[in-house]
Amino acid sequence: MRKRVAIMSRVSSDEQAKGYSLDIQIDALEKYCAYNNMEVVYSFKEDHSAKDFNRPAFIQFLEYAKRNKGKIDELLFTSWDRFSRNMEDAYAVIRQLKKLGITVLAIEQPIDLSIPENKLILAMYLTIPEVDNDRRSIKVRGGMRAALKAGRWCRPAPFGYRNTRDENNNPIIVPNQMSESVRWAFEQVAKGTAQVDVVKALSKKGTPISRSRLSELLRNPMYIGKIEVPAFDNEPHKIIEGNHDGLISEELYFKVQEVLSGNQPKKRVSSSIQNEVLPLRGILKCSSCGEKLTGSHSRGKMGTRYAYYHCNHCHQERYRTEMVNDAITEILDSMRFSRSSKEIFEEIVKRLLNGDVKSKKVEIKKLQEIISKQEERIERLQDNLADNVISTDDYMTMRSRYSQAKQEAQNELRKFREDASDKTNLIEKAVSTIESLGQGYKKADAEAKIRLLSSIFPEMIEFDGKKCRTPKINQAVALCLSIDKGFREKENRTIHEKLELSGLVAPSRIELLSKV
């Protein structure tokens, strides 16, 4: 008796040029059937992604198979990546088809599934396409990030721009007919016009925009020719020059930011050279009046520019940046941690980062249970569809809901695991940093210097030209230093040759001495 078979061909839109065209697959399948004396009773084509089986043509085939149970012996396709690129779903559908008396077969990768050991080969065939999908997704994200870092916008254009390509066929955005409305909106908000009134006015002008979208638009540095590069792995968040033209001036943009933040000036998008030369502005205070020291440059008699920290309140203090930075570096260089203190520091950082480990384990277990539950629901759903218990529309609706719940739980679980990996890297960096604080401080940029000093000295630092003082030192650092041989409190309140406790103030005050 001739085998009765169904044949399927599938291709996604980006695969047409790779030799996967539907007609080529159908031709190969028909020749295979003719050679093996098989009767084709059902044939269908698909142009959907194989990331799942929520594919209209495949669902129609399942309905046909249910109505004609026992009339199809095999489902044929050219290769396993034509069938599915999702291993979990593939196994579920294979079981579902088996209940209908249908065996699946890839003619270019044939497997006899009646032999148990061949299931290992099947697992390989099903896993490779899924891994390929994941790898492709990573490459796409990497390519988009590389484009952003090069100043190119390769996503749908923001309001007021349109997508096009430059002379080198690279993606670029250019102003469109809405650009004037964007400029007008910024100008109105800068004058103090409420956003709700701007939205109404734009609607009357024929440029409808929601309140939330306007709020996002007003904060987007795209409109001054900048591009935001999100933080990723160890790379920090950056805002760089884009290769597109801005619609408004930086002056107007920052004026709007002040209005949006309640007239509190925002930091400029790009860090200036002055910030690198004067990294301690904002964390140094005047030892005479207690006000914050600011920083600025002045030109010497020979035309050389010098940077100074100085007090604009009492005008009593003015110090060269090199003098302050050298003092800070020497203090940090003097902090030597023994092996035992490093271990304690590592344990403290680990506990701070990990928090309540027990509650996190419970949360992970809950997420794993949610994933398992949704997988069971999807499998039962497929059985119900095959048994005519539910309609196709109900199947698609419920499967979408269960799949979304499963994906959300998987994303949360992935975040937990990535968080654990990130914390391990942070712990290693923290321990590495305390081994050479002075050198690390020298090499760090302005932002990193501030973070380092703030983590060790949580309150502002005074400098009187000879030494630094601060009311507090990080308790974890103090503990690690105190168990070190070179860091013990003496009768004169000196606990280290570069650090001493002052008995002149009522909470204990730590004095950090530098070279005179």
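Below is a short write-up of the structure. In this text the structure is predicted, and so the values were computed from the model without any measurement.

### Focus on the packing of helix 7 (residues 195-204) against helix 8 (residues 211-218)
The interhelical angle for the contact between helix 7 and helix 8, taken along N-to-C directions, is 110 degrees, at an axis separation of 10 Å. Considering their axes alone, helix 7 and helix 8 lie roughly perpendicular with respect to each other. Contacts from Gln195, Val196, Val198 and Val199 of helix 7 reach helix 8 at Arg211, Leu214, Ser215 and Leu218. Looking at the contact of helix 7 with helix 8 residue by residue, the classes come out as five nonpolar, two polar and one charged.

### Comments concerning the nonpolar core
Membership of the largest hydrophobic core comes to 33 residues, with the highest contact counts inside it found for Phe58, Phe61, Leu75, Trp80 and Phe83. Counting residues per element, this core draws most heavily on helix 2 (residues 56-67), which supplies six residues. Dropping the residues within four chain positions of it, Phe83 is found in contact with Met8, Phe53, Arg55, Phe58, Leu75, Phe77, Ala90, Val93, Ile94 and Val104. Counting 29 residues, the second largest nonpolar core, distinct from the first, contains Ile209, Leu218, Ile227 and Leu252.

### Topic: the packing of helix 6 (residues 179-190) against helix 8
It is at 11 Å that the axes of helix 6 and helix 8 come closest, and there the two elements cross at 85 degrees. The angle between helix 6 and helix 8 falls in the class roughly perpendicular. Within the contact between the two elements, helix 6 uses Val182, Ala185, Phe186 and Val189 and helix 8 uses Leu214, Leu217 and Leu218. Its residues assigned to classes, the contact of helix 6 with helix 8 comprises seven nonpolar, no polar and no charged.

### Notes on the sheet that holds strand 1 (residues 4-10)
Spatially, the four strands line up as an open sheet ordered 2-1-3-4, and their pairing is parallel. Strands at the two margins of the open sheet, each flanked by one partner only, are strand 2 (39-46) and strand 4 (103-106). Averaged over all adjacent pairs, the angle separating strand axes in this sheet is 25 degrees, with direction ignored. Summarising the sheet, strand 3 (residues 74-77) and strand 4 pair through four bridges and their orientation is parallel. Its bridge partner being in strand 4, Leu75 is matched across the sheet by Val104. Across the face of the sheet, helix 1 (residues 22-35) comes into contact with strand 1, strand 2, strand 3 and strand 4 while running at roughly 160 degrees to strand 1.

### Some points on a nonpolar patch on the surface
A grouping of Ile121, Met124 and Ile128 is seen on the molecular surface, where their side chains present a nonpolar patch of about 270 Å² in accessible area. Judged by relative accessible area, which is 43%, Met124 ranks as partly exposed.

### Things to note about unusual backbone geometry
The residue Asn37 is not glycine, and still its phi comes out positive at about 55 degrees. Classification of Asn37 by relative accessible area gives partly exposed; the value is 47%. We note that His315 has phi near 60 degrees; this positive angle belongs to a residue other than glycine. Residue position: His315 is located in the loop between strand 11 (305-310) and strand 12 (318-320).

### Describing the pairing of strand 14 (residues 467-470)
Inspection of the sheet shows strand 13 (residues 461-463) paired to strand 14 by two bridges, in the antiparallel sense. Looking across to strand 14, one finds that Phe463 is bridged to Cys468. Hairpin connection between strand 13 and strand 14: a loop of three residues separates the two successive antiparallel strands, and Gly465 in this loop has a positive phi of roughly 100 degrees.

### Section: helix 16 (residues 446-456)
Because an α-helix completes one turn every 3.6 residues, residues spaced three or four positions apart along the sequence face the same direction. Looking at helix 16, one finds that the buried residues are Ala446, Lys449, Leu452, Leu453 and Ile456. The buried residues of helix 16 occupy an angular sector of 125 degrees when the element is viewed end-on, so they sit on one face. Exposed side chains of helix 16 directed beyond 90 degrees from the buried face belong to Glu447 and Arg451.

### Regarding the environment of Ile461
With respect to the helices and strands, the residue Ile461 is situated in strand 13. For Ile461, a relative accessible area of 4% corresponds to the buried category. Beyond its immediate sequence surroundings of up to four residues, Ile461 is in contact with Ile283, Leu284, Lys285, Ile328, Cys468, Arg469 and Thr470.

### Details of the pattern of salt bridges
Summed over the entire model, instances satisfying the criterion amount to 15 salt bridges. With a shortest N-O distance of 2.4 Å, Arg183 and Glu180 are connected by a salt bridge. Of this pair, Arg183 and Glu180 are both found in helix 6, three residues apart, which corresponds to roughly one turn of the helix. Judged by relative accessible area, which is 23%, Arg183 ranks as partly exposed. The closest approach of N and O atoms between Lys226 and Glu241, which form a salt bridge, is 2.2 Å. Pair noted here: Lys226 is in strand 7 (residues 226-229) and Glu241 is in strand 8 (residues 238-241), with a separation of 15 residues, a long-range link. Judged by its relative accessible area of 4%, Lys226 falls in the buried class.

Procedures and definitions
Residues numbered from 1 in each chain as written. Predicted model: local features only at pLDDT ≥ 70, side-chain atom pairs only at ≥ 80, totals over all residues. Heavy atoms only, no water. Axes fitted to C-alpha atoms, helices over the stretch in contact; angles between N-to-C directions. Helix = DSSP H or I, 4+ residues; strand = E, 2+ residues; numbered from the N terminus. Parallel < 35°, antiparallel > 145°, perpendicular 65-115°, else oblique. Contact = heavy atoms within 4.5 Å. Nonpolar A, V, L, I, M, F, W, Y, C, P; charged D, E, K, R; others polar. Core = buried A, V, L, I, M, F, W, Y, C linked by side-chain atoms within 4.5 Å. Buried < 20%, exposed > 50% of the residue type's maximum accessible area, 1.4 Å probe, protein only. Pairing = 2+ DSSP bridges. Patch = residues over 30% accessible without salt bridge, like charges linked within 9 Å, V, L, I, M, F, W, Y side chains within 5 Å. Areas by Shrake-Rupley, 256 points an atom, 1.4 Å probe, with all protein chains shown as cover. Salt bridge = Lys/Arg side-chain N within 4 Å of Asp/Glu carboxyl O. Arc of directions from axis to C-beta.

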